[in-house]
Amino acid sequence: MTSAAAPGNHPAPPPESGPTGDPESGPGPESGPGPESGPGPESGPGSGSGPWPVSPPVARPAPGSGAAPWRGWAAVCAVSLGIFCLITSELLPVGLLTPVGAALGVSDGTAGLMVTAPGLVAGFCAPLVTVGAGRLDRRLVLCVLIALMVAANLAAALAPNFAVVLAARLLVGVSVGGFWAIAGGLAVRLVPERHVGRATALVFGGVPTASVLGVPAGTLLGELGGWRTAFAAVGGLGLVTLTALLVLLPPLPTTRHISFPELPALLRENRAVRAGVIVTFLVVTGQFAAYTFVRPILQEVSGVDAEYISTLLLGYGVAGVAGNFLAGPRDAYRTLLVVSSSLTVVLALIAVLPGPAVGTVLLLAWGLAYGGVSVSVQGWMIKAAPEAPEAASSLMVAMFNFAIAAGALCGGLAVDGLSEPAAPLGGAALMLAAAATVWVTAIRRTPDRSDGQGRIGHRA
């Protein structure tokens, strides 16, 4: 696929036939946008027909032509390892705040900047890196970003004071934002079209897996060998990841440079992208308004003993991994409708229903539902703008990271001003708004099919 319209990733054409409402259809180009498939891309004002006009088909040769099929999946695994390594690096200080603060003479609140600062930097750098990468081969860009993460973690491990640690954490934010924005749409270039949904799920499987395995392992290593050892170990894992990317990723040349004016233009002219960014903000803000305070909620509302909290959070993470892979091969729009609706109910109930057993069941349901968010919003963006997947992904990643900070802030204000249950109740309200947005913009706008296989709803 070598379309001149694609900024870095090669888009898939709309399917020639067949409904995309099938729940088994992938969230990416394998269930490409069309007049029967929810929010499709726009190629500009007045293009096409219907509520979300469709871009013209783009030629796309089969990925990996002339190469063994396993090489494409090996490349996908290497990218997934990169996501795992970066998210582990981003969240590692969560379990190390107290020892880092004690060793470097700062409060726990100040040490918390090691988590807040990279998230904000990642939000800004997602579009900046995408545009700044220009015509560089995406394989090279991903390798440079991983190398930057390695250097940042080694610098943190050797840091003489907190200022150096914080500077290193800012570099981690650059790596996370840039890598995620570029890697999210690579599956379409690495595996056959029919496997794009599963490959995208595998790439984003690195996100919940980092929470389940990476962060607890880093925390344990910090307890056994000191916090500097934990940072150094993540740097070592980054070197392994860099080697895997160099060996397994094929050349991924871009075909067109993205300019900064194109990003706001994409938001203005493509209603599907605009709706996806709004849904991302609502879901992720609602999630982190509640999840940031999950420990006091479980203790104060559900009555769970403090000694069991870490085990329950591990179960939450495992359920999140399962949710990611369940959502991967399914339609992104309908999946997000189910996810946001489910989280509305779960967050409302966990805020008001007492009892450890009830709290445990609701927490696992919470993890299962939220596990499908990352892969589904990425699938939404690929379907919404197949001719500009990197640009659309960068907007989503930027909003995703900003929403994490906004959610934590809103949840904190709710807890301090009202009570612990106010955080999940506020999150439930945002999830309800997200579900309504998905219904109005993606489901209700889609026409019924006479064969009964179309989506629910009608053209607005």
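For the structure, see preceding data.
Residues numbered from 1 in each chain as written. Predicted model: local features only at pLDDT ≥ 70, side-chain atom pairs only at ≥ 80, totals over all residues. Heavy atoms only, no water.

(A) Spotlight on the overall build of the chain. Check the secondary structure of the chain and you find 19 helices and zero strands. Per-residue burial for the chain yields a buried fraction of 56% across its 460 residues. Counting contacts in the chain only where the partners sit at least 6 residues apart, residues at least 24 apart contribute 82% of the total. Accessible surface computed for the chain: about 17000 Å², of which carbon and sulfur atoms make up 70%. (Helix = DSSP H or I, 4+ residues; strand = E, 2+ residues; numbered from the N terminus. Buried < 20%, exposed > 50% of the residue type's maximum accessible area, 1.4 Å probe, protein only. Contact = heavy atoms within 4.5 Å. Areas by Shrake-Rupley, 256 points an atom, 1.4 Å probe, with all protein chains shown as cover.)

(B) Main features of the packing of helix α5 (residues 138-157) against helix α10 (residues 227-248). Contact pair α5 / α10: the axes reach a minimum separation of 8 Å and the direction vectors enclose 165 degrees. It follows that α5 is roughly antiparallel to α10 by the angle criterion. As for how α5 packs across α10, the hand of that crossing is left-handed. Residues Arg139, Leu142, Cys143, Ile146, Ala147, Met149, Val150, Asn153, Leu154, Ala156 and Ala157 of α5 pack against Trp227, Arg228, Phe231, Ala232, Val234, Gly235, Gly238, Leu239, Thr241, Leu242, Leu245 and Leu246 of α10. Its residues placed into classes, the contact of α5 with α10 shows 17 nonpolar, four polar and two charged. (Axes fitted to C-alpha atoms, helices over the stretch in contact; angles between N-to-C directions. Parallel < 35°, antiparallel > 145°, perpendicular 65-115°, else oblique. Left-handed = near helix turned anticlockwise from the far one by under 90°. Nonpolar A, V, L, I, M, F, W, Y, C, P; charged D, E, K, R; others polar.)

(C) Region of the structure containing helix α6 (residues 162-183). The terminal C-alpha atoms of α6, which comprises 22 residues, lie 31 Å apart, in line with the 32 Å expected from a rise of 1.5 Å per residue. Measuring from the backbone nitrogen of Ala163 back to the side-chain oxygen at the start of α6 gives 3.2 Å, which picks out Asn161 as the cap. (Expected span 1.5 Å × (residues − 1). Polar contact = N/O pair within 3.5 Å; in protein donor to acceptor, adjacent residues only side chain to side chain.)

(D) Highlighting the packing of helix α15 (residues 332-352) against helix α16 (residues 356-370). Where α15 meets α16, the axes come as close as 9 Å, and the angle between the chain directions of the two elements is 155 degrees. By the angle class used here, α15 and α16 are roughly antiparallel. By crossing handedness, the relation of α15 to α16 is classed as left-handed. Mapping the contact onto sequence places Val339, Ser342, Leu343, Val346, Leu347, Leu349 and Ile350 in α15 and Gly359, Leu362, Leu363, Ala365, Trp366, Ala369 and Tyr370 in α16. Looking at the contact of α15 with α16 residue by residue, the classes come out as twelve nonpolar, two polar and no charged.

(E) Focus on the environment of His195. Tracing the backbone shows His195 in the loop between α7 (187-190) and α8 (196-204). Separated by 122 residues in sequence, His195 and Trp73 place their C-alpha atoms 9.8 Å apart.

(F) Layout of the side chain of Glu90. Along the polypeptide, Glu90 turns up in helix α1 (residues 69-91). For the buried Glu90, no salt bridge is present, and the opposite-charge side chain at shortest range is Arg169, 6.7 Å distant. (Lys, Arg positive; Asp, Glu negative; His and termini not counted. Salt bridge = Lys/Arg side-chain N within 4 Å of Asp/Glu carboxyl O.)

(G) Inspection of the nonpolar core at higher detail. Judged by nonpolar contacts, the single largest core of 126 residues is most densely connected at Phe179, Val273, Trp366, Tyr370 and Trp380. The residues contacting Tyr370, other than those within four sequence positions of it, are Val283, Val284, Gln287, Phe288, Tyr316, Leu343 and Phe400. (Core = buried A, V, L, I, M, F, W, Y, C linked by side-chain atoms within 4.5 Å.)

(H) Fine view of a nonpolar patch on the surface. On the surface, a cluster of nonpolar side chains totalling about 440 Å² of accessible area is made up of Val345, Leu349, Val352, Leu353, Val358 and Leu425. In terms of residues, the nonpolar patch owes the most to one element, α15, which gives three residues. In this structure, Val358 sits in helix α16. Residue Val358 is classed as partly exposed on the basis of its relative accessible area, which comes to 33%. (Patch = residues over 30% accessible without salt bridge, like charges linked within 9 Å, V, L, I, M, F, W, Y side chains within 5 Å.)

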